[in-house]
Structures are given as C-alpha cells and as structure tokens.
Amino acid sequence: MANDKFFSATKTLLHFEGSGSTFTDVKSKTYTGNGSVALSSAQSRYGSSSLLLDGTDDYIYTSTDVTDFNFGTSPYTVEASIKTSSNNGCILDFYGTVGAYGWRLEVNINGNIVITSGGGSVTVATVDVRDNNWHDIAVDKVGDTVYVYIDGDMKTSGECANTANSTATQLTIGAYANGTYRFNGYIDEVRVTKGVARYKGSDYTPAAFGDLQADIWGFNKSTRKISNPRTVMRASQIRHLGV
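Residues numbered from 1 in each chain as written. Predicted model: local features only at pLDDT ≥ 70, side-chain atom pairs only at ≥ 80, totals over all residues. Heavy atoms only, no water.

Visitor: Looking at this structure, how should I read the overall build of the protein chain?
Guide: Counting secondary structure elements, the protein chain contains one helix and 17 strands. Considering only intrachain contacts with a sequence separation of at least 6, the fraction spanning at least 24 residues in the protein chain is 63%. Surface exposure of the protein chain reaches about 11,000 Å², of which carbon and sulfur atoms provide 46%. (Helix = DSSP H or I, 4+ residues; strand = E, 2+ residues; numbered from the N terminus. Contact = heavy atoms within 4.5 Å. Areas by Shrake-Rupley, 256 points an atom, 1.4 Å probe, with all protein chains shown as cover.)

Set out below in structure tokens:
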C-alpha cells in the first residue's frame, strides 16, 4: 500500500475489504449499516471486495466526529469508486437544511455525476456512468471552483462559492441521510480529505488509496543525524543526501 503525504488531512478512508457487515475505517470512524448492506467479494475496484448496495434499503453511515466533514470555505477532496447500471442514487451525503448546506455526491437520473456544495452544483453532463463498469470519481475544490474527475480525467468545473457547512448529523454512503435516493450497485475506496485539493484541476492516474503517512525527513550534515529517527532509510537514499 502506497504512502499518502496528505494522510493526516484525511477524515475518513474505507477500502471495504473483508466480508459481512463490518465496515472498517482506517481513520477510526464507526460506520453502521442499514438494511442488508454488506461487503461482497463478487466485485472490487481495488483489493478483493467492495460495498454492495441493493438500492432498496441499503446504506451505511457514521456519526463519529461529523464536524470533520464541514469544509467551510477550505479546499477539500471527495473520492469514491462506483459500479452501477441503475438510474440514479447517492454516493456520499453530508447535506443539511436550507441555509446550512453541506455537500453531496450523486448519480442523477441521466447517469451523470453531480456534486452539490454549499448550495451550488456542478454536473458532468457528458458522461453516463451507468455502464456497469468501475469508475473512479473524484471532486476537489480550489477557491470557489469545484473540479469533477472521472477515471482520472478532469471532466468539468464550476463555481460553488458558498460555505460548505452542514447541519447534518451523519455522513451517509449509499443514500441520502433520510434513507431516500438509494444507490444500487457497488462502492469501493471512499476517501474524504479536508483542507487539501489533491488534484487542483489536473488529470491524474487512479490507484488504490494509501493508508500510511508519507515520511517527511531530512539529514543534518553538521550533526550527521536523521531529523526523524523513526524513519528507516535505504543506503541509496542516504547517498542521495550527500552523506
């Protein structure tokens, strides 16, 4: 598993590995399932399993430290891999009441990806994701501009200037918080990053998410000491530093 230099800014990270109805968050939030939602080895984008949702009453949610998902006016990145042939459904929901909007990532009735953030919304009208293939979906925000990516390609952007804070009491995966607009299909690799726009409008190569903090280290030539003593360095890395 690759390291992630923004791991400390990651607020939830789910690989959906395993079986049954235990949904492990690398960032230690507790997720509860509704309906018959479970992990399935029948399909996976990365690893050996994913979250299977039947579109009837399945979804999962967390109420752990939900203020982590209030982005305010800060940059953020929201990501998930999906596989569906169904008309519509919500991927991630942290919305709220009028005047206290949060954000929401969903598939609309035309099969288009839609991000709603702070009351504004951006739609990828050129791509229908209901082809029963895996798609890596990402959204990030820089300033007032939201960028939407599908399979690593930046597809569209738009302005969502309002503050993305919500009155929501839970982050919901696979439906709206009230249990409606349920997703029918598979979801894998969910990650929410606060304070960081990971891609900033540039195309990227999708890959499984890292779940370790990338080490930040240095070498002090005068003391001949590594600045992070917990870091184990290869000889080639030490030579690169001119030791």
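The rest of the description comes next.
Visitor: Please clarify how the layout of surface pockets should be interpreted in this entry.
Guide: One way to see where empty space is left: roll a probe the size of a water molecule over the atoms. Put simply, the largest pocket is a space of about 250 Å³. If you go around the largest pocket, you meet 20 residues; those closest to its centre are R191, Y199, A207, A208 and F209. Put simply, the parts of the chain that give the lining of the largest pocket at least two residues each are β6 (76-83), β11 (134-142) and β15 (184-194). Here the lining of the largest pocket is composed, by residue class, of eleven nonpolar, four polar and five charged. (1 Å grid on protein atoms, 1.4 Å probe; cavity = no way out; pocket = protein on both sides within 12 Å on 5 of 7 lines; lining within 4 Å. Points joined across faces, edges and corners; volume = space filled by probe spheres on them. Nonpolar A, V, L, I, M, F, W, Y, C, P; charged D, E, K, R; others polar.)

Visitor: Could you clarify how one ought to interpret the pairing of strand β12 (residues 145-150) in this entry?
Guide: Remark: a regular strand shows side chains that alternate across the two faces of the sheet. Of all six residues that make up β12, five are buried, and the element is covered over most of its length. Relative to β12, β11 is paired through six bridges, and the arrangement is antiparallel. Note that in β12 the partner of V139 across the bridge is V148. Hairpin connection between β11 and β12: a loop of two residues separates the two successive antiparallel strands, and G143 in this loop has a positive phi of roughly 65°. Counting the residues in the hairpin turn of β12 and strand β13 (residues 153-159) gives two residues, including D151, whose phi is positive at 55°. (Buried < 20%, exposed > 50% of the residue type's maximum accessible area, 1.4 Å probe, protein only. Pairing = 2+ DSSP bridges.)

Visitor: Sorry if this is basic, but what is going on with the pattern of salt bridges here?
Guide: It is possible for side chains bearing opposite charge to pair when their charged atoms get close. Counting across every chain of the model gives eight salt bridges. For D128, the salt bridge is made with R130, and the minimal N-O distance between the two is 2.7 Å. You can call D128 partly exposed: its relative accessible area is 36%. Residue R130 is classed as partly exposed on the basis of its relative accessible area of 25%. (Salt bridge = Lys/Arg side-chain N within 4 Å of Asp/Glu carboxyl O.)

Visitor: I'm lost on the environment of V114 in this one. Help?
Guide: Among the secondary structure elements, V114 is positioned in strand β9 (residues 113-117). Between the alpha carbons of V114 and C90 there is a distance of 9.4 Å; along the sequence they are 24 residues apart. For V114, the residues in contact, after removing those within four places along its chain, are R104, L105, E106, N108, S121, V122 and T123.

Visitor: Can you help me understand the side chain of T62 in this one?
Guide: Assignment of secondary structure puts T62 in strand β5 (residues 59-62). Residue classification places T62 among the buried positions, given a relative accessible area of 0%. Among the polar contacts made by the side chain of T62, one reaches the main-chain amide nitrogen of T64 at a distance of 3.2 Å. (Polar contact = N/O pair within 3.5 Å; in protein donor to acceptor, adjacent residues only side chain to side chain.)

Visitor: Hey, could you run me through the confidence of the model for the protein chain in this one?
Guide: When pLDDT drops low, the exact placement of atoms in the prediction is not to be read closely. Chain-level pLDDT for the protein chain is 89 on average; 87% of the residues reach the 70-or-more range. Per-residue pLDDT stays below 50 along residues 216-221; that stretch engages in 18 contacts with residues further than four places along the chain or on separate chains. With pLDDT under 50 throughout, residues 224-243 is counted as low confidence; its partners more than four residues away or in other chains account for 27 contacts. (pLDDT = per-residue confidence, 0-100.)

Visitor: Hey, could you run me through unusual backbone geometry in this one?
Guide: Positive phi, normally seen in glycine, also occurs at F16, with a value near 55°. Overall, F16 belongs to the buried group, its relative accessible area being 2%. Its identity as a non-glycine residue notwithstanding, S28 has a phi of 75°, on the positive side. Mapped onto the elements of the fold, S28 is located in the loop between β1 (10-14) and β2 (32-34).

Visitor: Quick question: what am I supposed to make of the environment of T180 here?
Guide: Mapped onto the fold, T180 is located in the loop between β14 (171-173) and β15. A relative accessible area of 34% means that T180 is categorised as partly exposed. Along the chain, T180 and G89 lie 91 residues apart, while their C-alpha atoms are 8.6 Å from each other. Looking at T180, its side chain comes within polar contact range of the side chain of N178, at 2.6 Å.

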